[in-house]
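# Survey of secondary and tertiary structure
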Amino acid sequence: MDNRPIGVFDSGVGGLSIWRAIRRMLPQESLIFFADSGHVPYGEKSTAELHDLTGRIAGFLIERDVKMIVVACNTATVHAIGYLRESFPEIPFVGVVPVVKTLARRTRTGTIAVLSTPATAQSPYLAGLIEEFAPDKRVINVGCDGLENMVEAGEVGTRATTALLERHLAPVRGSEADVVGLGCTHYPFLRGRIKRMLGRGVHLYDPSRPVARRVRQLLRERDALAANPKPTYGFYTTGDADVFKRVAGRLLRTSVRDVERVEI
Ligand code: DGL
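Residues numbered from 1 in each chain as written. Predicted model: local features only at pLDDT ≥ 70, side-chain atom pairs only at ≥ 80, totals over all residues. Heavy atoms only, no water.

### A look at the layout of surface pockets
- The volume enclosed by the largest pocket comes to roughly 590 Å³.
- No other element matches the five residues that helix α10 (residues 208–221) contributes to the lining of the largest pocket.
- Considered class by class, the residues forming the lining of the largest pocket number 16 nonpolar, three polar and six charged.
- R20, R24, P188, F189 and D206 are, among the 17 residues lining the second largest pocket, the residues nearest its centre.
- At the level of elements, α1 (16–25), α9 (191–198), α10 and α11 (241–252) are the ones that each hand at least two residues to the lining of the second largest pocket.
- Ranked by residues supplied to the lining of the second largest pocket, first place goes to α1 with five residues. (1 Å grid on protein atoms, 1.4 Å probe; cavity = no way out; pocket = protein on both sides within 12 Å on 5 of 7 lines; lining within 4 Å. Points joined across faces, edges and corners; volume = space filled by probe spheres on them. Helix = DSSP H or I, 4+ residues; strand = E, 2+ residues; numbered from the N terminus. Nonpolar A, V, L, I, M, F, W, Y, C, P; charged D, E, K, R; others polar.)

This is how it looks when you write it as structure tokens:
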């Protein structure tokens, strides 16, 4: 048993979709969430910048004695998880990547779509996943610039968000794709909208629960699951703490307290 917290981080509030799944599946785990909102969007950063930022966040979380770090960001995972594992070999890392394998298995039409940030869409990592798991499928790979910023601003239901979604979903709608992967952790908060726009015949896949299951499996293997009768939930942001409280509260539909602004 290990009652120390799990660290979870993202470029902003998107990683809360993973945080929420872990909290539901492992209600006795304490969690520290780190939102690097001062540097969002990660989807437009270089690999070198992502190494630098994620390395500093991992260092920050390790100083707070976390037992595991969940990289709750596809962009950071595909560009930096190898670097993080090498830099901090003492800590287990769990990442999140677009669910290409599941999409390839589930499609009936042979066309799959992945929505992610431009940095993930163009990454060799995603190209590798497609080559390995979907070599015989038609893949609509859409880099959705700007979408994470809408979620970050708490604008999940505005006209501007709908207009942006119209643009990014156009290649999916104009295709035979019947399965769509949400390849950015901000997008599950737009799930209802995306679903309505794509229609009933299209299924959306969000990796939050598989990631939570992986966390549980790894902790179990290491005999490191927690049994906290009163788990704690702390939040850090490099952005504005009040904005984080307001937006996170709205996305999670609960009040979010204990938010501290920090520099890294
Ligand atoms: N939530 C992040 C992801 O899963 C990235 C959003 C961003 O900062 O661009 O890719």
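### Quick word on the site of the ligand
- Taken together, 14 residues surround the ligand, and among them S11, Y42, G43, T75 and H186 come closest.
- Within the backbone of Y42, a nitrogen or oxygen atom sits 2.6 Å from an oxygen atom of the ligand.
- Within the contact set of the ligand, an oxygen atom lies 2.6 Å away from a side-chain nitrogen or oxygen of T75.
- When the ligand sits alone it has 300 Å² of accessible area, and the protein chains cover 100% of it.
- Of all the cavities here, the one that holds the ligand is the largest cavity.
- Split into classes, the residues belonging to the shell around the ligand amount to five nonpolar, seven polar and two charged. (Near = heavy atom within 4 Å. Polar contact = N/O pair within 3.5 Å; in protein donor to acceptor, adjacent residues only side chain to side chain. Areas by Shrake-Rupley, 256 points an atom, 1.4 Å probe, with all protein chains shown as cover. Sits in = over half its atoms within 2 Å of the grid points.)

### With respect to α10
- Here α10 spans 20 Å end to end across 14 residues, near enough to the 20 Å set by a 1.5 Å rise per residue.
- Among the residues making up α10, those that are buried are S208, V211, A212, V215, L218 and L219. For α10, the angular spread of the buried residues around the axis is 125°, confining them to a single face. α10 presents R209, R220 and E221 as exposed residues on the side facing more than 90 degrees away from its buried surface.
- Looking at the buried side of α10, the elements it contacts are β1 (6–10), α1, β3 (68–71) and β4 (93–94).
- Trailing α10 by a residue or two, D223 shows a phi angle of about 55°, which is positive. (Expected span 1.5 Å × (residues − 1). Buried < 20%, exposed > 50% of the residue type's maximum accessible area, 1.4 Å probe, protein only. Arc of directions from axis to C-beta. Contact = heavy atoms within 4.5 Å.)

### Some points on the packing of aromatic side chains
- Inspection of every chain in the model, using the stated rule, returns eight aromatic pairs.
- Ring centres of F88 and F93 lie 6.4 Å apart, and the angle between their planes is 50°; this geometry places the pair in the tilted category. Of the two residues, F88 and F93, neither departs from the other in class, the shared state being buried.
- Here the aromatic rings of F235 and F244 are separated by 5.7 Å at their centres, their planes lie at 45°, and the arrangement is tilted. F244 shares its class with F235; the two are buried.
- Members of the aromatic cluster, connected to one another through ring pairs, are W19, F33, Y233, F235 and F244.
- Positioned above the aromatic ring of F60 is the side chain of R64, whose terminal nitrogen or guanidinium carbon lies 3.7 Å from the ring centre. (Phe/Tyr/Trp six-rings, centres within 6.5 Å; stacked < 30°, edge-to-face > 60°. Lys NZ or Arg CZ within 6 Å of the ring centre and 35° of its normal.)

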